[in-house]
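Secondary and tertiary structure notes
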Amino acid sequence: MSTDIIRVGLIGGGGIATVHIDGYAQHPDRIRITAVADAVPATAQARGAELGVPHHTDYHQLLERADVDAVDICLPHHLHRDAIVAAARAGKHVLCEKPLCLTPEEARDVQAAVSEAGITLMCAHNQLFLPAVAKAKELIDDGVLGTVYEVRTTDSFRNDFDPENMGWRAHASTSGGGELIDTGYHPSYLLMHLAGGVPVQATAMLSTHRLGFMEGEDSAQALFRFDNGAVGQLVTSWAYEPAAGTERFSVVGELGSLTSDGTTLRWDLLDGTSETVTHEEIDTFAAEIGAFATCLQDGVRPIHTEREGIAVLGMILAAYEGARTGTIAPVLQVDPVDA
């Protein structure tokens, strides 16, 4: 085990970088930011001053630094692939915000670059670090529910976006679609994680209820089938808050079911067993960053690597295709690349 502090270059200093920075501050003896890059000079300078580290407007300069072991990519969606490939070729480990990338071609590029370089890539799927999710996954993997039949996830909220503040997210060319590939990415990876299988089919109904100025949908309902027979249902929206009592996630299996609002987890079995546990809220970004440090220091596989990131992208692209054609679409399978 290495006792060295992991030195991270932050690529992208915009909104999401704030919660990442707060996360690093909770692990100062294990992992810290040593440089920052942002294409906007004022942002780069401000983040550098905030962190007390060198700043760059070209992340390729950051990648040349000897005092950077890994990078944390917090860029707009359409810039992820190029930054991942460049970082891998520079021998830097990668923590990347969702989505991993936007197209099958980009997915193949990412997979090839990571495999050829032999670096570690961790997808920033922070909701997997919710204690209720971890406990639910433990119960499922221990066979408490038996064979999983159905999984449901919800991630909806009323967003205050308007044409003045939405920026690149308003355009399909830079976001990759609409709400489904953005916030909807969270319930997608959570659905796959709890289903415990490889996604094989998908379809969706997309809606624009309120944010009519954006090119993509502001709401989506999607249906997925996994190779183990489990079926997943997903609801996600920027247009509205979910109805009172709506579960954050639920799972039904041959021996019973479980449900959670994100903090409280309840499971009810057919043998009459019923139990409820309530977890304290945690900073999932800090937990994610701590896990990234552990992966690099101890050689532990990230909970989700590029392979899971590509699988989630495949789910979403297939859902979009199903919505476009009115069919159930196959999920893209990107063949593994041998290192």
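Above: the structure in question.
Turning next to the overall build of the protein chain. Scanning the protein chain from terminus to terminus reveals ten helices and 15 strands. Relative to the compact-globule value of 20 Å for 339 residues, the protein chain shows a C-alpha radius of gyration of 20 Å, a close match. With the C-alpha coordinates aligned to their principal axes, the bounding extent of the protein chain is approximately 60 × 50 × 40 Å. Expressed as a percentage of the 339 residues in the protein chain, the buried residues total 52%. Across the protein chain, the fraction of contacts at a sequence separation of at least 24, relative to all contacts at a separation of at least 6, is 71%. Here the protein chain has roughly 14,500 Å² of accessible surface; of this, 50% comes from carbon and sulfur atoms. For the protein chain, the distance from the average site of its 22 positive side-chain charges to the average site of its 47 negative ones is 2 Å.

Moving on, we come to the packing of helix H1 (residues 15–24) against helix H9 (residues 284–298). Between H1 and H9, the shortest axis-to-axis distance is 8 Å and the interhelical angle comes to 60°. Seen along the crossing, H1 lies across H9 with a hand that is right-handed. The segment H1 lies against H9, with Ile16, Val19, His20, Gly23 and Tyr24 engaging Phe285, Ala286, Glu288 and Ile289. When the residues that make up the contact of H1 with H9 are grouped by side-chain class, the tally is six nonpolar, two polar and one charged.

Applying the stated criterion to the full structure yields 13 salt bridges. Its salt-bridge partner being Glu50, residue Arg47 comes within 2.9 Å of it at the nearest N-O pair. One end of the pair is Arg47 and the other is Glu50, both in helix H2 (residues 41–51) and three residues apart, which spans about a single turn. The exposure class assigned to Glu50 is partly exposed, which follows from its relative accessible area of 46%.

Residue position: His56 is located in strand S3 (residues 55–56). Along the backbone, His56 and Leu194 are 138 residues apart, and their C-alpha atoms lie at a distance of 40 Å. Ignoring anything within four residues of it in the chain, the contact list for His56 reads Val36, Ala37, Asp38, Ala44, Gln61, Leu62 and Arg65.

In terms of burial, helix H4 (residues 80–89) is a largely internal element, seven of the ten residues being buried. Summarising the contacts, the buried residues of H4 are in contact with helix H3 (59–63), strand S4 (70–73), strand S5 (93–96), helix H5 (104–117) and strand S6 (121–123). Immediately downstream of H4, the backbone of Gly91 shows phi near 80°, a positive value.

What follows deals with the pairing of strand S2 (residues 31–37). Along a regular strand, successive side chains alternate from one face of the sheet to the other. With six of its seven residues buried, S2 lies for the most part within the structure. Taken together, strand S1 (residues 6–11), H1 and S2 form a β-α-β motif whose crossover is right-handed. Bridging between S2 and S3 involves two bridges; their strand directions are parallel. Of the residues in S3, the one forming a bridge with Val36 is His55. As for the winding sense of the linkage, the β-α-β connection from S2 through H2 to S3 is right-handed.

The strands that make up a sheet are held in pairs by hydrogen bonds between backbone atoms, and each pair lies either parallel or antiparallel. Reading across from one edge, S14-S13-S12-S11-S7-S10-S9-S8-S15 is the order of the nine strands in this open sheet, with mixed pairing throughout. Whereas interior strands pair on both sides, the edge strands pair on one side only; in this sheet they are strand S14 (274–278) and strand S15 (329–330). Direction of pairing for strand S7 (residues 148–156) relative to strand S10 (residues 231–237): parallel, over a ladder of seven bridges. Across the sheet, the residue bridging to Thr153 is Leu234, located in S10. Helix-sheet contacts for helix H10 (residues 306–325) involve strand S8 (199–207), strand S9 (219–226) and S15, and the interaxial angle to S8 is about 50°.

Calculation rules
- Residues numbered from 1 in each chain as written.
- Predicted model: local features only at pLDDT ≥ 70, side-chain atom pairs only at ≥ 80, totals over all residues.
- Heavy atoms only, no water.
- Helix = DSSP H or I, 4+ residues; strand = E, 2+ residues; numbered from the N terminus.
- Rg over C-alpha atoms; globule rule 2.2 N^0.38 Å.
- Buried < 20%, exposed > 50% of the residue type's maximum accessible area, 1.4 Å probe, protein only.
- Contact = heavy atoms within 4.5 Å.
- Areas by Shrake-Rupley, 256 points an atom, 1.4 Å probe, with all protein chains shown as cover.
- Lys, Arg positive; Asp, Glu negative; His and termini not counted.
- Charge placed at Lys NZ, Arg CZ, Asp CG, Glu CD.
- Axes fitted to C-alpha atoms, helices over the stretch in contact; angles between N-to-C directions.
- Left-handed = near helix turned anticlockwise from the far one by under 90°.
- Nonpolar A, V, L, I, M, F, W, Y, C, P; charged D, E, K, R; others polar.
- Salt bridge = Lys/Arg side-chain N within 4 Å of Asp/Glu carboxyl O.
- Right-handed = clockwise from strand over helix to strand, strands pointing away.
- Pairing = 2+ DSSP bridges.

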